[in-house]
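Examination of the molecular architecture
Listed here are the chains, written in short residue letters.
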Amino acid sequence: MKKIIYLFAFFLLTLPATAQQEYGLKFSSLISDNLSLENAIRLGLENNSDFLTARQEIIVAEQKVNEAKFQFLPQLALQGTATWYDLDYPMVLPDSVANRFLPGASLADKSNQFFGVGVTATQYLYSGGRIRNTLKIARANLKQLQSRYEAIKNATVLDIKKSFYNLLFAQEYNKLIQQVSDQVTAWNIRSSGDVWAQMRIQSALARLQVRHHEATRQLAQARLAMLVSLNKETNADLSITGDFSPVRVDKDLAQLNLRAMEYRPELKSALYALELDNIAIDLALSKRYPDIILNGTYEQLGDDSLGDTNKQISLAVRLPLPYNFSSQISQKKAQQQKSTLRRAMIEDKIRVEVARSFEEVRFWQNEVLSRQEQFTTLKNLFDKAERSAAKQGAAPIEAALFYTQTAYDYLDALRHNLTAKAELEWAVGQDL
């Protein structure tokens, strides 16, 4: 009972870590309005051809594992033959028709036809580990393809997250600058002073209009990038909704490096490649050992009927003598060393990626709070000052420009904050 409780507790502890990253292929809605981040990821995975191809490769590899398992079972063959012949000398039929012996005219001239049916079973009793290693190779190849599948999924998820956050940023900034433009238009500021004051007003209005147009262009580009990430038609209707607020990662670098070494699929793939090389060496060495084969046959045969019976059981020992045995061993060992070096290189690369992403997260999660405070202060001042804006000449419009720039800086920091967290999750190989 206590063991069951421990297992259940372990399952509960490990469930969140796995459930967070397994988005699956469950989103098939034709409606793409107000996509959340989770549904955008599901839709993007469902439409991603590389991801779907990787899933099919896993299915193929699973069937190859099943095929390798079948090699442990007896190989059965059921065959029937009907032969009409005219021979002056005895002959043996080819293997495709069961190696039947046919007597010539000197041995039997009473018939020119022969019939037979039978079943043959061949079982490898010992193969020097070749069959077992073939199964190991199939399983290691399956694990490697599963790791490739996870790597493609992680890269796709990262791309969708970045496009999603860019579109959120563009939506929020476009919404804010539209509000500011409407407010400035409502003020209806007209200078009663000299031409210099009128020039300041017109210049400020022109700059505000340029920012408005630029925000509209950024929104269109971000929406197009999101459609590309989702692999949808570029003219499809799309809108997203999500929480555009600061996030924080309370993990230390050492802990993140440990997680990356455990969860990054690229490292797992390198480990499985090394395992494949080790098995390949064992497979090459197994050629020094003989095959011990058991074969049995039962058949009914005869000239006019199937009245005669043949039975046989054979035990064979076969030792291959390849000429390239030593060269294969050297080749496999060199490949093994190459995989070892590649694994070490990938480990170093992962540590650098985690460290770089961690520093980005640390910077932006502090920077975004600083810019948020500045934006909040300026927004409060802007809301208070707009009541008397119509009487202040060019100053309110120039203040609106400063306000939009501060808002842009804050929203841009917020975008970097969310994107840095997504990149750190990719570097670790797990959602945080």
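Everything here concerns the structure above.
Here we summarise the structure given alongside this text. The structure presented is a predicted model; accordingly, all values stated were derived computationally and were not measured. (Residues numbered from 1 in each chain as written. Predicted model: local features only at pLDDT ≥ 70, side-chain atom pairs only at ≥ 80, totals over all residues. Heavy atoms only, no water.)

Details of the side chain of Thr156
Along the polypeptide, Thr156 turns up in helix 4 (residues 130-187). We classify Thr156 as buried; its relative accessible area is 9%. Setting aside residues no more than four positions away along its own chain, Thr156 makes contact with Leu45 and Asn48. (Helix = DSSP H or I, 4+ residues; strand = E, 2+ residues; numbered from the N terminus. Buried < 20%, exposed > 50% of the residue type's maximum accessible area, 1.4 Å probe, protein only. Contact = heavy atoms within 4.5 Å.)

Let's talk about the pairing of strand 5 (residues 291-302)
Strand direction decides the pairing type here: strand 4 (residues 113-126) and strand 5, joined by 11 bridges, are antiparallel. When the sheet's bridge partners are listed, Tyr126 is paired in strand 5 with Ile292. Alignment of strand 5 against strand 6 (residues 308-318), held across 11 bridges, turns out to be antiparallel. Following the sheet pairing, Tyr298 is matched in strand 6 by Lys311. Counting the residues between successive antiparallel strands, the hairpin from strand 5 to strand 6 contains five residues. (Pairing = 2+ DSSP bridges.)

Describing the packing of helix 4 against helix 7 (residues 265-285)
How two helices pack is summed up by the angle between their axes together with the distance between the axes. Where helix 4 meets helix 7, the closest approach of the two axes is 8 Å, and the angle between their N-to-C directions is 165°. Considered as vectors, helix 4 and helix 7 are oriented roughly antiparallel to each other. Crossing hand, helix 4 versus helix 7: left-handed. Listed contacts from helix 7 to Arg130, Asn133, Lys136, Ile137, Ala140, Asn141, Lys143, Gln144, Ser147, Glu150, Ala151 and Asn154 of helix 4 are Pro265, Glu266, Lys268, Ser269, Tyr272, Ala273, Glu275, Leu276, Ile279, Asp282 and Leu283. Per-class residue counts for the contact of helix 4 with helix 7 are nine nonpolar, six polar and eight charged. (Axes fitted to C-alpha atoms, helices over the stretch in contact; angles between N-to-C directions. Parallel < 35°, antiparallel > 145°, perpendicular 65-115°, else oblique. Left-handed = near helix turned anticlockwise from the far one by under 90°. Nonpolar A, V, L, I, M, F, W, Y, C, P; charged D, E, K, R; others polar.)

Things to note about the nonpolar core
By size, the foremost hydrophobic cluster in this structure holds 74 residues, and its most contacted members are Met226, Leu230 and Leu238. Listed by contribution, the elements that provide at least two residues to this core are helix 2 (37-47), helix 3 (49-70), helix 4, helix 5 (195-229), helix 6 (253-263), helix 7, helix 8 (325-385) and helix 9 (395-428). The element that contributes the greatest number of residues to this core is helix 4, accounting for 21 residues. When neighbours within four sequence positions are excluded, Met226 is seen to be in contact with Ala40, Ile160, Ser163, Phe164, Leu167 and Leu238. Tyr85, Leu93, Phe114 and Leu301 belong to the second largest nonpolar core, which has six residues in total. (Core = buried A, V, L, I, M, F, W, Y, C linked by side-chain atoms within 4.5 Å.)

What about helix 7?
Helix length check: helix 7 (21 residues) gives 30 Å between terminal C-alpha atoms against 30 Å at 1.5 Å per residue, within 8%. Listing the buried residues of helix 7 in full gives Pro265, Leu267, Ser269, Ala270, Ala273, Leu274, Leu276, Asp277, Ile279, Ala280, Ile281 and Ala284. (Expected span 1.5 Å × (residues − 1).)

A short note on unusual backbone geometry
It is generally the case that most residues other than glycine have a negative phi and that most peptide bonds are trans. The backbone of Asn231 sits at a positive phi, close to 55°, despite the residue not being glycine. Here Asn231 lies in the loop between helix 5 and helix 6. Owing to a relative accessible area of 48%, Asn231 belongs among the partly exposed residues under this scheme.

Some points on helix 2
Regarding helix 2, the residues found buried are Ala40, Ile41, Leu43, Gly44 and Leu45. Packing partners of the buried residues in helix 2 comprise helix 3, helix 4 and helix 5.

So, the pattern of salt bridges
Using the criterion set out here, one finds 19 salt bridges in the structure. Linking Glu57 and Arg148 is a salt bridge whose minimum nitrogen-to-oxygen distance equals 2.8 Å. On the criterion of sequence distance, the pair formed by Glu57 in helix 3 and Arg148 in helix 4 is long-range, its members being 91 residues apart. Among the residues examined, Glu57 registers a relative accessible area of 28% and is labelled partly exposed. The network of salt bridges with shared partners includes Lys161, Lys421, Glu425 and Asp431. (Salt bridge = Lys/Arg side-chain N within 4 Å of Asp/Glu carboxyl O.)

What to know about the packing of aromatic side chains
This structure, assessed with the given rule, holds 10 aromatic pairs. Measuring from ring centre to ring centre gives 5.8 Å for Phe375 and Tyr403, while their planes differ by 15°; the resulting arrangement is stacked. Of this pair, Phe375 sits in helix 8 while Tyr403 sits in helix 9, and the two are 28 residues apart along the sequence. Classification of Tyr403 as buried rests on a relative accessible area of 5%. Seen from their ring centres, Phe375 and Tyr410 are 5.4 Å apart, and the 10° between their planes marks the pair as stacked. Pair noted here: Phe375 is in helix 8 and Tyr410 is in helix 9, with a separation of 35 residues, a long-range link. Note on accessibility: Phe375 and Tyr410 belong to one class, buried. Through a chain of ring-to-ring contacts, three or more aromatic side chains come together here, namely Phe375, Phe382, Tyr403 and Tyr410. The ring of Trp426 carries the charged tip of Arg264 above its face, separated from the ring centre by 4.6 Å. Here the basic side chain of Arg415 rests over the ring of Phe169, its NZ or CZ set 3.9 Å away from the ring centre. (Phe/Tyr/Trp six-rings, centres within 6.5 Å; stacked < 30°, edge-to-face > 60°. Lys NZ or Arg CZ within 6 Å of the ring centre and 35° of its normal.)

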